[in-house]
Amino acid sequence: MAPRRREGVGAFPRPVEPPITPKPDPAQLYAALDLGTNSCRMLIAQPKGSQFHVVDSFSKSVQLGQGLEASGRLSRASMSRTVQAMQVCRRKIEQHNVKRMRLVATEACRRARNARDFVRYVERETGLQLEIIEPEEEARLAVVACAPLVSTRTEQLLVVDIGGGSTELVWIDLSAVPRHERPRAIMRLHAGFHPPESPFPAAKVVDWISVPLGVATLKDQFSDVEDDAARFALMSWYFEEKLADFSPYNATHPREGFQIIGTSGTVTTVAASHLGLRRYDRNKVDGLRMTSDQIDRVIRGYLSLGPEGRRTDPRIGRDRHTLIMSGAAILQALMRIWPTDRLSVADRGLREGLLYAQMSADGVLEDDRF
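All of these numbers come straight from a predicted model, not from anything done at the bench. (Residues numbered from 1 in each chain as written. Predicted model: local features only at pLDDT ≥ 70, side-chain atom pairs only at ≥ 80, totals over all residues. Heavy atoms only, no water.)

I would appreciate a short explanation of the overall build of the protein chain in the present structure.
Each helix and strand in the protein chain was counted, giving 13 helices and eleven strands. Of the contacts formed within the protein chain by residues at least 6 apart in sequence, a portion of 74% connects residues at least 24 apart. Of the roughly 18500 Å² of accessible surface on the protein chain, 48% is carried by carbon and sulfur atoms. (Helix = DSSP H or I, 4+ residues; strand = E, 2+ residues; numbered from the N terminus. Contact = heavy atoms within 4.5 Å. Areas by Shrake-Rupley, 256 points an atom, 1.4 Å probe, with all protein chains shown as cover.)

Could you clarify how one ought to interpret unusual backbone geometry in this entry?
A negative phi angle characterises most non-glycine residues, just as the trans form characterises most peptide bonds. A positive phi is found at Gln63, a non-glycine position, where the angle reads about 50°. Counting through the fold element by element, Gln63 comes out in the loop between strand 3 (51-61) and helix 1 (68-71). Despite not being glycine, Asn97 has its phi angle at roughly 55°, a positive value.

Whenever I open this one, the sheet that holds strand 3 confuses me. Can you help?
Sheets are built from strands that pair by backbone hydrogen bonding, the pairs being arranged parallel or antiparallel. Pairing is mixed in the open sheet, where five strands are placed in the order 3-2-1-4-5. In this open sheet, the two strands that pair with only one neighbour each are strand 3 and strand 5 (131-132). As judged from the ten bridges shared by strand 2 (residues 39-48) and strand 3, these two strands associate in the antiparallel manner. Within the sheet, the bridge partner assigned to Gln46 lies in strand 3 and is His53. In the packing of helix 2 (residues 76-95) onto the sheet, the strands contacted are strand 1 (30-35), strand 2, strand 3 and strand 4 (100-105), and the crossing angle to strand 2 comes to about 15°. (Pairing = 2+ DSSP bridges. Axes fitted to C-alpha atoms, helices over the stretch in contact; angles between N-to-C directions.)

Quick question: what am I supposed to make of the confidence of the model for the protein chain here?
Do not read the predicted coordinates in detail wherever pLDDT is low. Averaged over all residues, the pLDDT of the protein chain equals 88, while 90% of them reach at least 70. A low-confidence stretch, residues 1-13 (pLDDT under 50), is modelled with five contacts involving residues beyond four sequence positions or located in other chains. (pLDDT = per-residue confidence, 0-100.)

Where do I start with the nonpolar core in this structure?
Soluble globular proteins tend to bury their nonpolar side chains together. Counting residues in hydrophobic clusters, the biggest one holds 47 residues, and the most contacted among them are Leu158, Leu169, Phe239, Leu334 and Trp338. With ten residues, helix 12 (residues 324-337) is the single largest residue contributor to this core. Beyond its immediate sequence surroundings of up to four residues, Trp338 is in contact with Leu158, Leu169, Trp171, Leu243, Phe246, Pro248, Tyr249, Phe258 and Ile260. (Core = buried A, V, L, I, M, F, W, Y, C linked by side-chain atoms within 4.5 Å. Buried < 20%, exposed > 50% of the residue type's maximum accessible area, 1.4 Å probe, protein only.)

What am I meant to see in the sheet that holds strand 7 (residues 167-173) here?
Pairing is mixed across the open sheet formed by six strands, whose spatial order is 8-7-6-9-11-10. Edge strands, defined here as strands with exactly one partner in the open sheet, are strand 8 (204-211) and strand 10 (289-290). Pairing geometry for strand 10 and strand 11 (residues 343-346), over two bridges, is antiparallel. Bridge pairing in strand 11 places Arg289 opposite Ser344. Contacting strand 6 (156-162), strand 7, strand 8, strand 9 (258-263) and strand 11, helix 5 (residues 135-146) runs over the sheet at an angle of about 60° to strand 7.

What am I meant to see in the side chain of Ser264 here?
Along the chain, the position of Ser264 falls in the loop between strand 9 and helix 9 (265-275). There is a polar contact of 3.3 Å between the side chain of Ser264 and the backbone nitrogen of Thr266. (Polar contact = N/O pair within 3.5 Å; in protein donor to acceptor, adjacent residues only side chain to side chain.)

Explanation requested: the packing of helix 8 (residues 228-241) against helix 11 (residues 292-312) in the structure shown.
Between two packed helices, both the angle of their axes relative to each other and the distance between the axes serve to describe the pair. Where helix 8 meets helix 11, the axes come as close as 10 Å, and the angle between the chain directions of the two elements is 125°. Here helix 8 lies oblique to helix 11, going by the angle between them. Here helix 8 runs over helix 11; the crossing is right-handed. Along its contact with helix 8, which presents Asp228, Ala229 and Phe232, the element helix 11 presents Ile299, Leu303, Gly306, Pro307 and Arg310. Each residue belonging to the contact of helix 8 with helix 11 can be placed in one class, and the counts come to five nonpolar, one polar and two charged. (Parallel < 35°, antiparallel > 145°, perpendicular 65-115°, else oblique. Left-handed = near helix turned anticlockwise from the far one by under 90°. Nonpolar A, V, L, I, M, F, W, Y, C, P; charged D, E, K, R; others polar.)

Would you explain the environment of Gln156 in this entry?
Mapped onto the secondary structure, Gln156 falls in strand 6. Expressed as a C-alpha distance, the spacing of Gln156 and Phe258, which sit 102 residues apart in the sequence, is 4.8 Å. Engagement of the side chain of Gln156 in a polar contact is seen with the side chain of Asp173, the distance being 3.2 Å.

Help me understand helix 9, please; the structure alone is not making it clear to me.
Because an α-helix completes one turn every 3.6 residues, residues spaced three or four positions apart along the sequence face the same direction. Helix 9 sits mainly inside the fold: nine of its eleven residues count as buried. Where helix 9 begins, the capping side chain belongs to Ser264, and its oxygen is found 3.3 Å from the backbone nitrogen of Thr266. One or two residues past the end of helix 9 sits Gly276, with phi positive at roughly 75°.

What am I meant to see in the pattern of salt bridges here?
Scanning all chains against the criterion turns up 24 salt bridges. In this structure, Arg188 and Glu181 form a salt bridge, with 3.4 Å as the shortest nitrogen-oxygen distance. Accessibility expressed as a relative area gives 24% for Arg188, which makes it partly exposed. A salt bridge links Glu308 to Arg311; the shortest N-O distance between them is 2.8 Å. Taken as a pair, Glu308 and Arg311 lie in helix 11 at a separation of three residues, close to a single helical turn. Residue class for Glu308 comes out partly exposed when judged on its relative accessible area of 48%. Look at the salt bridges and you will find they share partners, linking Arg282, Asp286, Asp347 and Arg348 into a network. (Salt bridge = Lys/Arg side-chain N within 4 Å of Asp/Glu carboxyl O.)

In structure tokens form, the structure reads like this:
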């Protein structure tokens, strides 16, 4: 009888099978929630080719940052309103059986001294885990979401995201990128504003800034000024002062080859007013291009209406009438510094960027978005 060979002594080791990584399910749903200073908004979407299809959505003004400017804390009332809205979001997530999600909070939670207590309160009451993200990631995701609106003729791009508590500006140089590659180069910035060396043509982020002033916080700064026109002028110049450290501030850029993309409720409201829409239509607004003169005409119209006229104007809406002039002040400051005939209106932003980043990381999007 032949001797038995002991395993590992003079014998070949048994091959080790590599662990099986489950393939991502292209039919699964993803959720992205953006909790800002003023609003709580969520999208639930399914990957579809190189895009995604929105299955459900939610948006509510919760005014989380109300009183934050004075106290440095989130109030009990604002936290309670927000938790009620997030309970609706939780029910939608459960209803659609969503497993992949990212739920983020921005400027109000970055600034509040009791933000960590609030995050724990949300988890205790809803089971949802909020993540407070840094300004750079917020800006980066907004840029990625706007990539489909980048013109192939654009060489210098400014993306502006006017939020409730902060405004992010990102200046991108696309002049070294072949024209047909420019939108795709913007998409690659989801990995970081300064990605490692790559064989692909790269979009160069010249500078970016997060100004701690948005439609809610800027309004609060000048709430004691009674005259409507004077308050508007002060808000616009005050915002412009905060851009002094932004390196392209004093640069001279020709209108040709320069594009601003604006993403915010302010920009979409101005666009809807320009079009005379009494009922908002995303298909008519997203991607619309406006000139400086058209934007200025709308803003002058808002001023002539006065506070009461803006409150009843159906193009503005009751949720936004108290915030539209602070947002318009920011927009006017940008148009004063960088006049352009190619401002693109984006009804998209942080949520869309969150969805794209999740789906891209999971490999469920086809690589032919552009």
